[in-house]
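Okay, here's what each chain looks like letter by letter:
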Protein chains: 2
Amino acid sequence: MALHMSPEGLLPKGSKFTSITGDGMKIGVIGTGIVGRSHAAKLALLGHEVVMGTRNVETTLGVHERDMMGNPPLKEWLQGHPMVKLESFHEAALHGELIINATRGEHTLEALRNSGERNLEGKVIIDISNPLDFSEGALPSLLVANTDSLGEEIQRAFPNAKVVKTLNTINARLQVDPDALMSGDHDVFLSGNDAGAKQRVTEILRSYGWKNVVDLGDISTARGAEMMLPMWVRLMGVLQTPLFNFKIVR
Amino acid sequence: MALHMSPEGLLPKGSKFTSITGDGMKIGVIGTGIVGRSHAAKLALLGHEVVMGTRNVETTLGVHERDMMGNPPLKEWLQGHPMVKLESFHEAALHGELIINATRGEHTLEALRNSGERNLEGKVIIDISNPLDFSEGALPSLLVANTDSLGEEIQRAFPNAKVVKTLNTINARLQVDPDALMSGDHDVFLSGNDAGAKQRVTEILRSYGWKNVVDLGDISTARGAEMMLPMWVRLMGVLQTPLFNFKIVR
């Protein structure tokens with residue numbers, strides 16, 4: 001299949017700004033990289049009110065070059081997605097009834113602290129981050145693993161938020177468009193302590209097109225999902241594409 | 001599908017001691033648990049000369065009770081598999097042109113040292129072990145992870161052996177009988193430094209019925225395969241069966 005790394009590729013023609021579900025939520029997306037953009041675009045398409053959060057709005061809008069992955073500067077991307085607003089971390093978190101953490105793992109805790117603990121209180125945080133450590137070269141290890149996970153660190157740092165780890169084992173484009181691969185016949189995992197929060201996240205995943213949502217258990221099961229990443233990265237090298245996913249055959 | 005935890009379930013009726021391939025090898029299987037038994041039975045069925053190695057033959061044959069998993073004592077198992085011989089670690093390794101490490105990860109390095117470094121020299125070691133640490137409860141963490149792996153530890157301890165990590169992400173019964181699940185439409189991974197050794201191991205995997213053998217790269221990629229185990233263990237809890245496997249959908 002063709003390789004579309006930019007999130008724009010996932011929007012069906014002619015339906016760009018049409019609400020599908022109608023029951024829009026206020027959603028704060030923390031992070032403006034490819035993961036944040038993919039979710040912001042998809043959620044706006046689905047009729048939600050999306051505010052993306054960044055560390056410094058002026059700095060982010062002052063970037064005029066494509067990033068290392070070839071993604072356009074955010075200013076240009078926003079012009080193509082006028083339903084998505086850009087604000088500070090704090091304003092995005094304040095706006096959201098539900099928060100999506102789409103930051104790089106090494107910056108996650110700082111970004112969420114900058115979002116303001118009070119702005120996260122009682123809210124569902126969908127945590128997509130991976131604690132990847134690239135300091136030793138191109139093949140990353142994990143900054144936290146085995147007896148702890150980034151998902152658990154976030155839950156401990158914000159005990160009144162409801163952290164649900166999900167989608168971190170999947171490429172950004174496929175996260176919001178599972179049907180692009182084998183008609184969606186592959187799996188997404190879910191970890192979290194709060195059953196109601198996991199139910200809400202499952203509904204969002206279903207609105208993205210996910211059919212197979214596997215609830216692994218409490219937030220400590222995020223260890224298993226995060227520890228898939230070393231395999232994921234090596235498989236990307238072998239397959240020469242990030243457009244693959246795991247399916248549990250049983 | 002029906003749940004057959006005992007390795008006997010994998011032998012097709014009437015073909016128990018018939019060589020299929022004809023080109024028998026001398027194989028030493030280090031370890032007498034369910035993994036060792038599964039491979040010993042299958043390899044004997046395929047016409048290889050199999051010697052299983054144990055720490056102390058008398059002690060092993062003196063066990064008269066089933067183990068915690070309900071497997072029969074080895075003495076009884078051997079009566080049902082007269083083509084498989086039981087010897088010491090040392091004798092099994094000496095016998096094998098090719099060695100299979102089917103020990104528990106916590107005992108692997110000691111068992112291989114007891115097998116004798118000279119008996120491993122220049123030989124392919126198929127390493128199926130997982131460095132599981134159950135000391136903190138029912139859900140294991142890993143004894144080594146992230147920046148190292150048991151596969152790499154073995155390769156460093158025996159630099160003249162050719163370690164190939166494989167099958168550790170799969171239940172023992174399915175390891176030697178992939179067709180028992182979805183006609184074998186799922187994947188097995190391979191890690192190792194020596195291309196020739198990986199080719200030989202691939203041939204053995206194909207003789208077991210494996211169609212999808214994914215070569216991840218050098219032995220350091222065993223980290224990815226071993227770090228799948230925390231997910232595997234949690235999935236077994238969710239699915240309530242060990243008879244599942246990962247398939248890479250692309």
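If you're wondering where the values come from, they're calculated on a predicted model, not measured in any experiment.

Engineer: I'd like a description of the confidence of the model for chain A, backed by residues and values.
Structural biologist: Averaged over chain A, the pLDDT score is 92; the fraction of residues at 70 or greater is 91%. Predicted confidence is poor over residues 1–20 of chain A, with pLDDT under 50, and the contacts of this stretch with residues over four places away or in other chains come to 32 contacts.

Engineer: Please provide a residue-by-residue account of the interface of chain A and chain B, values included.
Structural biologist: Counting from both sides, the interface comprises 33 residues of chain A and, opposite them, 33 residues of chain B. Mapped by element, the contributors of at least two residues to the side of chain A that touches chain B are strand E7 (141–142), strand E10 (212–217), helix H10 (222–226), helix H11 (229–239) and strand E11 (245–249) of chain A. In terms of residue count, H11(A) provides more of the side of chain A that touches chain B than any other element does, six residues in total. Here the side of chain A that touches chain B is composed, by residue class, of 19 nonpolar, nine polar and five charged.

Engineer: Explain the nonpolar core to me, using residue names and the numbers behind them.
Structural biologist: With 133 residues, the main nonpolar core has Val29(A), Ile30(A), Val50(A), Val29(B), Ile30(B) and Val50(B) as its most contacted residues. Excluding anything up to four places from it in sequence, Val29(A) contacts Gly36(A), His39(A), Ala40(A), Val50(A), Met52(A), Gly53(A), Ala92(A), Ile100(A) and Ala102(A).

Engineer: So what's going on with the relation of the copies chain A and chain B? Residues and values would help.
Structural biologist: Each copy of the sequence occupies a distinct position, and chain A is placed on chain B by a rotation of 180 degrees and an axial shift of 0.0 Å, giving an RMSD of 0.0 Å. Expressed as an axis order, the relation between the two copies is that of a two-fold axis. Taken as a fraction of all interface residues of chain A, those also at the interface in chain B reach 100%, which identifies the copy contact as same-surface.

Engineer: Please give an account of helix H5 (residues 108–115) of chain A that cites residues and values.
Structural biologist: Residues and elements named next belong to chain A. Every buried residue of H5 is accounted for by Thr 108, Ala 111, Leu 112 and Ser 115. Considered in projection along H5, the buried side chains sweep an arc of 95 degrees and stay on one side of the axis. Buried residues along H5 sit in contact with strand E1 (26–30), strand E2 (49–54), helix H4 (89–95), strand E4 (98–101), helix H6 (117–120) and helix H7 (150–157). Backbone geometry just downstream of H5 places Gly 116 in the positive-phi region, at approximately 95 degrees.

Engineer: How would you summarise the environment of Gly33(B) if you had to cite specific residues and measurements?
Structural biologist: Residues and elements named next belong to chain B. Checked against the element boundaries, Gly 33 lands in the loop between strand E1 (26–30) and helix H1 (34–45). Gly 33 gets classed as partly exposed once you count the C-beta atoms within 10 Å, which come to 16. Spatially, the C-alpha atom of Gly 33 lies 9.3 Å from that of Asp 67, the residues being 34 residues apart in sequence.

Engineer: Could you give me a rundown of helix H11 (residues 229–239) of chain B, with the residues and numbers involved?
Structural biologist: Buried residues of H11(B): Leu229(B), Pro230(B), Met231(B), Trp232(B), Arg234(B) and Leu235(B), and no others. Buried residues along H11(B) sit against E10, H10 and E11 of chain A together with strand E6 (132–133), strand E7 (141–142) and helix H10 (222–226) of chain B. Among the residues trailing H11(B), Gln240(B) stands out with phi positive, at a value near 60 degrees.

Criteria and cut-off values
- Residues numbered from 1 in each chain as written.
- Chains lettered and ligands numbered in written order.
- Predicted model: local features only at pLDDT ≥ 70, side-chain atom pairs only at ≥ 80, totals over all residues.
- pLDDT = per-residue confidence, 0-100.
- Contact = placed C-beta atoms within 7 Å.
- Helix = DSSP H or I, 4+ residues; strand = E, 2+ residues; numbered from the N terminus.
- Nonpolar A, V, L, I, M, F, W, Y, C, P; charged D, E, K, R; others polar.
- Core = buried A, V, L, I, M, F, W, Y, C linked by C-beta atoms within 7 Å.
- Buried ≥ 20, exposed ≤ 12 C-beta atoms within 10 Å, placed from the backbone.
- Least-squares fit on C-alpha atoms with pLDDT ≥ 70 in both.
- Arc of directions from axis to C-beta.

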